[in-house]
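# Fold and geometry: a report
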Amino acid sequence: DRKNHTMRKIIDVLLMVLAITSCSTIDCPLNNTVTTSYKLKGDVAKLQDTLTITTPRTTSGDTVLLNKAIGIDSFLLPMSYAQTEDILYFKMTTQQNKSFIDTLRITKEDQPHFESVDCPPAVFHQIKRVDYTKHTIDSVVIHHENVNYDATKAHFYIYFKSYLH
């Protein structure tokens, strides 16, 4: 009888722990990744050249965000959480092995986002402006300024110059 009583207490404790842990994550979104979506438009709506995108680190060197992409028409990139401006280097290498580098400067406002005390915090962003060089890029258009969990909407439309091909 004492053995049954101990087993029952263990089962009760396990059920309580299970109930507590299952309730703590119910309000958290399943897709909790905040990324920026880029869509290629115009004559070069699909890359035939090779694109590598890097961003400078605050300590030293650069971080590769997209490595030698080819044949793509869109991509996702993260945004920083602690800076009002993100800098991206777009290195385009043509099929003739000529390389060009464009710089994108994205000015944004960070917005802390909390679902519930049980969920990890996220940072949403509101894109304010974009400046860029024009070696291979013809233009960049802000299509959706609010960056949140929804990466299905393109935030930027990028138009590359067609003479590269």
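Quick caveat: nothing in here was measured; it's all calculated off a predicted structure. (Residues numbered from 1 in each chain as written. Predicted model: local features only at pLDDT ≥ 70, side-chain atom pairs only at ≥ 80, totals over all residues. Heavy atoms only, no water.)

### Describing the environment of Ile142
Quick note on the threshold: Secondary structure elements follow DSSP: runs of H or I no shorter than four residues count as helices, runs of E no shorter than two count as strands, and numbering proceeds from the N terminus. By the convention used here, residues are in contact when the closest approach between their heavy atoms is within 4.5 Å.
When you line up the elements, Ile142 lands in strand β8 (residues 137-142). C-alpha of Ile142 to C-alpha of Ile158: the two residues are 16 residues apart in sequence and 9.0 Å apart in space. The contact partners of Ile142, leaving out residues within four places of it in the chain, are Ile127, Lys128, Arg129, Val130, His155 and Phe156.

### A word on the nonpolar core
Under the convention used in this document: By nonpolar core we mean a set of buried residues, namely Ala, Val, Leu, Ile, Met, Phe, Trp, Tyr and Cys, connected to one another through side-chain atoms within 4.5 Å. For each residue, the accessible area found with a 1.4 Å probe, counting protein chains only, is set against the maximum for its type, and the residue is called buried under 20%, exposed over 50%, and partly exposed in between.
Core analysis: the biggest nonpolar cluster contains 28 residues, and Tyr38, Phe75, Phe90 and Phe160 have the highest contact counts within it. Take this core: its biggest share by element is four residues, from strand β7 (residues 122-132). In this view, Phe75 contacts Thr36, Ser37, Tyr38, Leu40, Leu51, Ile53, Leu66, Phe90 and Ile158; residues no more than four positions away in its chain are not counted.

### Quick word on the sheet that holds strand β6 (residues 99-113)
Heads up, the rule is: Think of it this way: DSSP has to see at least two bridges between two strands before they count as a pair.
Pairing in this open sheet of six strands is antiparallel, and the strands run β3-β2-β5-β6-β7-β9 from one edge to the other. Because the sheet does not close on itself, it has two edges, and the strands there are β3 (62-69) and β9 (146-147). Relative to strand β5 (residues 85-93), strand β2 (residues 50-56) runs antiparallel, the two sharing five bridges. Within β5, the residue paired with Thr52 across the bridge is Lys91.

### A closer look at the pairing of β2
The element β2 is largely enclosed, with a buried count of five among its seven residues. As paired strands, β2 and β3 are joined by five bridges and run antiparallel to one another. From the neighbouring strand, Ile53 faces β3, where its bridge partner is Leu66. In sequence, β2 turns back onto β3 through a hairpin of five residues, with Gly61 there showing a positive phi of about 70°.

### What to know about the pattern of salt bridges
This is how it is decided: Should a side-chain nitrogen of Lys or Arg be within 4 Å of a carboxyl oxygen of Asp or Glu, the pair is scored as a salt bridge.
The tally for this structure, following the rule as stated, stands at five salt bridges. Where Lys39 meets Asp73, a salt bridge forms, and the shortest distance between an N and an O atom there is 3.2 Å. On the criterion of sequence distance, the pair formed by Lys39 in strand β1 (residues 36-41) and Asp73 in the loop between β3 and β4 (74-77) is long-range, its members being 34 residues apart. Relative accessible area serves as the criterion here: at 26%, Lys39 is assigned to the partly exposed category. Residue Glu109 pairs with Lys128 through a salt bridge whose shortest N-O separation is 3.9 Å. Here Lys128 lies in strand β7 and Glu109 lies in strand β6, a separation of 19 residues in the sequence. Since its relative accessible area comes to 44%, Lys128 is described here as partly exposed.

### Points about the sheet that holds β1
What counts, and what does not: Fitted lines through C-alpha atoms give the axes, limited to the stretch in contact for helices. The angle between two N-to-C directions lies from 0 to 180 degrees.
Overall, mixed pairing links the four strands, which are arranged β4-β1-β10-β8 in an open sheet. Taken across any chain shown, the strands that pair with only one partner, and hence form the sheet edges, are β4 and β8. Neighbour-to-neighbour, the strand axes of the sheet open up by a mean angle of 25°, direction not taken into account. By the bridge criterion, five bridges tie β8 to strand β10 (residues 156-160) in an arrangement that is antiparallel. Bridge pairing in β10 places Ile137 opposite Phe160.

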